[in-house]
Amino acid sequence: MLFSIWLTNNCNLKCSYCYIGEKNGEEMKDETKEKIVDFISLKSEIEKRKKSERKHINIVYFGGEPLLRFDLITFFTKEIKKKIKGIPIFFHMTTNGTLLTKEIINYFKENQLPVTLSVDGIPEVHDYYRKFKNGKGSWATIEKRVGTLLKELPDSYARLTFTSQTVPYLRKSVRFLVDLGFKNIKPIPDFFDPQWTEENFKILEEQSFQILEDYLNKYNNKGIEITFLKHKYEIKNYGICDGGVNQFYILPNGDIYPCNYVAKRKKFCLGNVSEPMNLKTPLYLNAEPVRELCQGCVYFNFCESKRCTYLNYAMTGKMDKPNGFFCAYEKLIFKIANVLKRRESDEYTFK
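Since this is a predicted model, take the numbers as computed values, not measurements. (Residues numbered from 1 in each chain as written. Predicted model: local features only at pLDDT ≥ 70, side-chain atom pairs only at ≥ 80, totals over all residues. Heavy atoms only, no water.)

## Describing the packing of aromatic side chains
Thought 1: For the coordinates displayed, the defined rule picks out 23 aromatic pairs.
Thought 2: With a centroid separation of 4.2 Å and 10° between ring planes, the pair formed by Trp196 and Phe325 is classed as stacked. Of this pair, Trp196 sits in the loop between strand S6 (184-189) and helix H7 (198-219) while Phe325 sits in helix H10 (residues 324-349), and the two are 129 residues apart along the sequence.
Thought 3: Under the relative-accessibility criterion, Phe325 is labelled buried at 9%.
Thought 4: Looking at Lys33, its charged tip hangs above the ring of Phe75, at a distance of 4.4 Å from the centre.
Thought 5: Between Lys186 and the ring centre of Tyr157, over which it is positioned, the NZ or CZ distance is 5.1 Å. (Phe/Tyr/Trp six-rings, centres within 6.5 Å; stacked < 30°, edge-to-face > 60°. Helix = DSSP H or I, 4+ residues; strand = E, 2+ residues; numbered from the N terminus. Buried < 20%, exposed > 50% of the residue type's maximum accessible area, 1.4 Å probe, protein only. Lys NZ or Arg CZ within 6 Å of the ring centre and 35° of its normal.)

## Notes on the sheet that holds strand S10 (residues 271-272)
Thought 1: Across the sheet, which stays open at both edges, the 10 strands sit in the order S7-S6-S5-S4-S3-S2-S1-S8-S9-S10 with mixed pairing between neighbours. A single partner strand is all that each edge strand has here, and the edge strands are strand S7 (225-226) and S10.
Thought 2: Relative to strand S3 (residues 89-95), strand S2 (residues 57-62) is paired through 5 bridges, and the arrangement is parallel. Its bridge partner lying in S3, Tyr61 is registered against Met93. (Pairing = 2+ DSSP bridges.)

## Some details on the pairing of S6
Thought 1: The pairing of strand S5 (residues 157-162) with S6 spans 6 bridges and is classified as parallel. Bridging across to S6, Phe162 finds its partner in Pro189.

## Some remarks on the pattern of salt bridges
Thought 1: This structure, assessed with the given rule, holds 15 salt bridges.
Thought 2: Among the ionic pairs, Arg69 bridges to Asp71, the shortest N-O distance being 2.8 Å.
Thought 3: Residue Asp71 is classed as partly exposed on the basis of its relative accessible area, which comes to 42%.
Thought 4: The partner of Arg343 in a salt bridge is Glu213, and the shortest N-O contact between them spans 2.8 Å. Here Glu213 lies in helix H7 and Arg343 lies in helix H10, a separation of 130 residues in the sequence.
Thought 5: By relative accessible area, which is 30% here, Glu213 ends up partly exposed. (Salt bridge = Lys/Arg side-chain N within 4 Å of Asp/Glu carboxyl O.)

## Thoughts on the domain arrangement of the protein
Thought 1: As assigned here, the protein comprises domain 1 (2-231) and domain 2 (287-350).
Thought 2: A separation of 23 Å is found between the C-alpha centroids of domain 1 and domain 2.
Thought 3: Counting from both sides, the interface comprises 20 residues of domain 1 and, opposite them, 18 residues of domain 2.
Thought 4: For the pair domain 1 and domain 2, the summed buried surface comes to about 1800 Å²; carbon and sulfur atoms form 75% of the total. (Domains from an automatic or database assignment. Contact = heavy atoms within 4.5 Å. Buried area = accessible area lost by both parts, 1.4 Å probe.)

## Digging into helix H3 (residues 102-110)
Thought 1: Those residues of H3 not exposed but buried are Ile104, Ile105, Tyr107 and Phe108. On an axial view of H3, the arc spanned by its buried residues comes to 155°, and they lie on one face. Exposed and oriented more than 90 degrees from the buried face of H3 are Lys102, Glu103 and Glu110. (Arc of directions from axis to C-beta.)

## Side note on the packing of H3 against helix H5 (residues 139-152)
Thought 1: The N-to-C vectors of H3 and H5 enclose an angle of 20°; their axes lie 10 Å apart at closest approach. If you check the angle between H3 and H5, you find them roughly parallel. In this structure, H3 meets H5 at a crossing whose hand is right-handed. Of the residues in H5, those in contact with Lys102, Ile105, Asn106 and Lys109 of H3 are Arg145, Thr148, Leu149 and Glu152.
Thought 2: For the contact of H3 with H5, a count of residues per class yields 2 nonpolar, 2 polar and 4 charged. (Axes fitted to C-alpha atoms, helices over the stretch in contact; angles between N-to-C directions. Parallel < 35°, antiparallel > 145°, perpendicular 65-115°, else oblique. Left-handed = near helix turned anticlockwise from the far one by under 90°. Nonpolar A, V, L, I, M, F, W, Y, C, P; charged D, E, K, R; others polar.)

Now the structure itself:
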């Protein structure tokens, strides 16, 4: 069961590709944070009663920039550990890194709280989008903190968002992050970028297979993982989204949504932590998608679009319709995974 807690809507950066939308000054009240703990505790009892051996609780700190409210991170971590017993609890946080200090990093280490750092590759690419509100790039600020983070938390992730404009530097950016010391790198395209074309998608394909070559020739034996290479390595038949059933996204005012991608869109609000017994049924449970555009697609049952209906909605305004780039990208990572499997099989066969 997953709980993503939006600690704040505010952020000290102004990234031009951010899908969260307009930030405002709304901050979490003391009574709301207490009720969030109660809500998570209530839902954890349901999780504990499941017959599955994989039952657990995931807590993700989200924003805005979560470290603007480090006080809430310490509060929730302490109170959730104290209140929920008899089930594994895993914490995680994604940050832009600008507010990291040695003390904060030590806290994360002591509390086994993994960190994903949003860093978009080589400095000039990172600074192209990830700027402070005064227009200054943020790389120089986080550069001072990366070494300490990786020394104390060597398994930290680097989340590398790339767009149609920065995709020519994707391989170079992955290499840069590896050289910095990251062992876990998550390249993620900006699905909302309207400027994806056949031309820059071809560049993405070329860059992706160059990264695959680097992985096979340099990284594989060093314990380095580049997530999108193996995203479709294990073929999974996706079911329906379980947002609002096993996943809950909680805003600073206590409103609950089934997914980050539709948070703040009032028609998707399920209720509030102040009334945990009055949550609405998620919209997708009442709607059978038509999927006209997906008819005959051999990838459909294994495609994120089948499950990620809210992402579809955020991209196109329809829960059963992905955008063209998303569809092409899914097929690309299937192709990458198949090549990786064949290459690894050949290597094993001819040893």
